[in-house]
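# Descriptive structure summary
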Amino acid sequence: MADVREEEVQLIGLWYSPFAMRVKLALSLKGVEYQNLEEQNTWDKSELLLKSNPIYKKSPVLFHRGHPVCESMIIVQYIDEEWRLQGKPILPAGHVERAEARFWVYYVDDKLYPSLRNHVAATAQEDKEKAAAEAAAALHPLEKAFETASKGKPFFGGDDIGFIDIALGCFLPWIRALQKLDGIQILSDNTFPNLSTWAQNFSAHDAAKVVLPDNDKMPEVIRTFRALFSAA
Ligand SMILES: N[C@@H](CCC(=O)N[C@@H](CS)C(=O)NCC(=O)O)C(=O)O
C-alpha cells in the first residue's frame, strides 16, 4: 500500500479520469506540487483508495497533511481555500456569483456527465446517437450561462479558468474522443459558438495543457471501456 505522508500533498487518481483532471488542474493553477498515486484502473481499487474513501470508493482522493479529501469539486474548493494566497481565486469573490458557479457545476455533474457515461457505455449506433443528443441538450443551457458568467471574457471565470471551467473543461477530452470514435458531433461550432471558442481557450491555457491527456490516447480508453461493458 502506498504511504500517506503527513508533510506532502498526494493524489489518488487515474490519468484518464475527468474527475482527477479537475484536481490536477486546480493544483496546477495554484502552483502546488503533489505526488501522484496512480490507480491501476477504474475497477481494481487500491487498498489505500478503499480505506480513504470508504463511502463511495471512488477516486480522486487528495491527501493533505495525511488527511483525505474526497469528491473532485469539493477537493477543488478545498484547494482554493487552503492555497488562497497562491495563484488566482478559483471561486468568484461575490457570494451570489459563487452560488451561481456552484449551481452550474452541480448541473454539469447531474445532467451532462450521465449522458456522456451512457455514450461511453453505448455499443449500438442508436444508443450512441441518443446519448450524444442528450449530451448536446445538456450543453444548451451552458451555452447561455457562459454569456452571463464570462461577461465577454474568455472563460466562465472571466480572465482566467475558474470553478465552472474546471468542472466542464475536464470533460472535453472525453467529448472529443467520443466525437472522433463515433463521428457524432456533440459540441459543434454552429450550435455552440460560445462553448466552441471557450473550449479552444480552455485547451490552450498553460495549466490545462499540462493536465489534459493527449487527445490521441483517449479513444483507446473508450474502446477498452466498451469492450469490458459488452463482455459483462
Ligand atoms: N462524483 C465523483 C465521481 C468520481 C468517479 O466517478 N470516479 C471514478 C473514476 S473516473 C471511479 O472511481 N469509479 C469507480 C466506481 O465507480 O466504482 C467525483 O466528482 O469525484
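Looking only at helices and strands, one finds ten helices and four strands in the protein. When the elements of the protein are put in sequence order from the N terminus, they spell out β-α-β-α-β-β-α-α-α-α-α-α-α-α. The globule rule puts the C-alpha radius of gyration for 232 residues at 17 Å, and the 17 Å found for the protein is close to it. Every one of the 232 residues in the protein was classed for burial, and the buried ones make up 48%. In the protein, the proportion of contacts linking residues at least 24 apart, taken out of those at least 6 apart, comes to 70%. Counting only carbon and sulfur atoms, one obtains 52% of the accessible surface of the protein, whose full area is about 11800 Å². Averaging the locations of the 26 positively and 32 negatively charged side chains of the protein gives two centres separated by 2 Å.

So, on to the pattern of salt bridges. Counting across every chain of the model gives 13 salt bridges. Among the ionic pairs, E82 bridges to R65, the shortest N-O distance being 3.4 Å. With E82 in helix α3 (residues 72-82) and R65 in the loop between β3 (61-64) and β4 (67-70), this residue pair connects regions lying 17 residues apart in the sequence. Residue classification places E82 among the partly exposed residues on the basis of a relative accessible area of 29%. R226 is the partner of D182 in a salt bridge, and the nearest nitrogen-oxygen pair spans 2.9 Å. Here R226 lies in helix α10 (residues 218-231) and D182 lies in helix α7 (residues 172-182), a separation of 44 residues in the sequence. When sorted by exposure, D182 lands in the same class as R226, which is buried. One network of salt bridges, in which partners are shared, links K128, D182 and R226.

The full set of residues close to the ligand is L14, S17, F19, T42, K45, K58, S59, P60, E71 and S72. The contact in question runs from a nitrogen atom of the ligand to an N or O atom on the side chain of E71, over 2.9 Å. Measuring from an oxygen atom of the ligand, one finds a side-chain N or O atom of S72 at 2.6 Å. Here the ligand loses 78% of its free accessible area of 510 Å² to cover by the protein chains. For the shell around the ligand, the per-class residue count stands at three nonpolar, four polar and three charged.

A cluster of basic side chains, namely K45, K57, K58 and R117, defines a positive patch on the protein surface. You can see K57 is positioned in the loop between α2 (47-52) and β3.

Formed by 68 residues in total, the largest nonpolar core has its most connected members in L25, L195 and W198. The two domains that each donate at least three residues to this core are domain 1 (9-82) and domain 2 (95-231). The contacts of L195, once residues within four sequence positions are left out, are L139, L142, E143, F146, F156, L168 and L187. The next biggest cluster of nonpolar side chains, apart from the first, holds six residues, and it includes I12, L48, V61 and F63.

Here the distance between the centres and the angle between the planes together describe a pair of aromatic rings. For the coordinates displayed, the defined rule picks out 13 aromatic pairs. On the numbers, 5.0 Å between centres and 90° between planes, the contact of F19 with Y113 is edge-to-face. Here Y113 lies in helix α4 (residues 95-121) and F19 lies in helix α1 (residues 18-30), a separation of 94 residues in the sequence. For F19, a relative accessible area of 16% puts it in the buried group. Seen in terms of ring centroids, F103 and W104 are 5.0 Å apart; in terms of plane orientation they differ by 85°. Their pairing is edge-to-face. Classification of F103 as partly exposed rests on a relative accessible area of 47%. The lysine or arginine in question, K217, covers the ring of W15, its NZ or CZ lying 4.5 Å from the ring centre.

When cut into domains, the protein gives domain 1 (9-82) and domain 2 (95-231). The distance between the C-alpha centroids of domain 1 and domain 2 comes to 20 Å. Opposite the 16 residues of domain 1 that make contact, domain 2 presents 26 residues. Across the domain 1 to domain 2 interface the summed buried area is about 1800 Å²; carbon plus sulfur atoms make up 81%. Our count for the contact surface shared by domain 1 and domain 2 stands at one salt bridge. D109 serves as the salt-bridge partner of R22, at 2.7 Å between the closest nitrogen and oxygen. Here domain 1 is connected to domain 2 by four residue pairs in polar contact (both at pLDDT 80 or more). When contributions to the side of domain 1 that touches domain 2 are tallied by element, the ones reaching two or more residues are α1 and α3. With nine residues, α1 is the single largest residue contributor to the side of domain 1 that touches domain 2. Residues of the side of domain 1 that touches domain 2, tallied by class, amount to eleven nonpolar, three polar and two charged.

Calculation rules
- Residues numbered from 1 in each chain as written.
- Predicted model: local features only at pLDDT ≥ 70, side-chain atom pairs only at ≥ 80, totals over all residues.
- Heavy atoms only, no water.
- Helix = DSSP H or I, 4+ residues; strand = E, 2+ residues; numbered from the N terminus.
- Rg over C-alpha atoms; globule rule 2.2 N^0.38 Å.
- Buried < 20%, exposed > 50% of the residue type's maximum accessible area, 1.4 Å probe, protein only.
- Contact = heavy atoms within 4.5 Å.
- Areas by Shrake-Rupley, 256 points an atom, 1.4 Å probe, with all protein chains shown as cover.
- Lys, Arg positive; Asp, Glu negative; His and termini not counted.
- Charge placed at Lys NZ, Arg CZ, Asp CG, Glu CD.
- Salt bridge = Lys/Arg side-chain N within 4 Å of Asp/Glu carboxyl O.
- Near = heavy atom within 4 Å.
- Polar contact = N/O pair within 3.5 Å; in protein donor to acceptor, adjacent residues only side chain to side chain.
- Nonpolar A, V, L, I, M, F, W, Y, C, P; charged D, E, K, R; others polar.
- Patch = residues over 30% accessible without salt bridge, like charges linked within 9 Å, V, L, I, M, F, W, Y side chains within 5 Å.
- Core = buried A, V, L, I, M, F, W, Y, C linked by side-chain atoms within 4.5 Å.
- Domains from an automatic or database assignment.
- Phe/Tyr/Trp six-rings, centres within 6.5 Å; stacked < 30°, edge-to-face > 60°.
- Lys NZ or Arg CZ within 6 Å of the ring centre and 35° of its normal.
- Buried area = accessible area lost by both parts, 1.4 Å probe.

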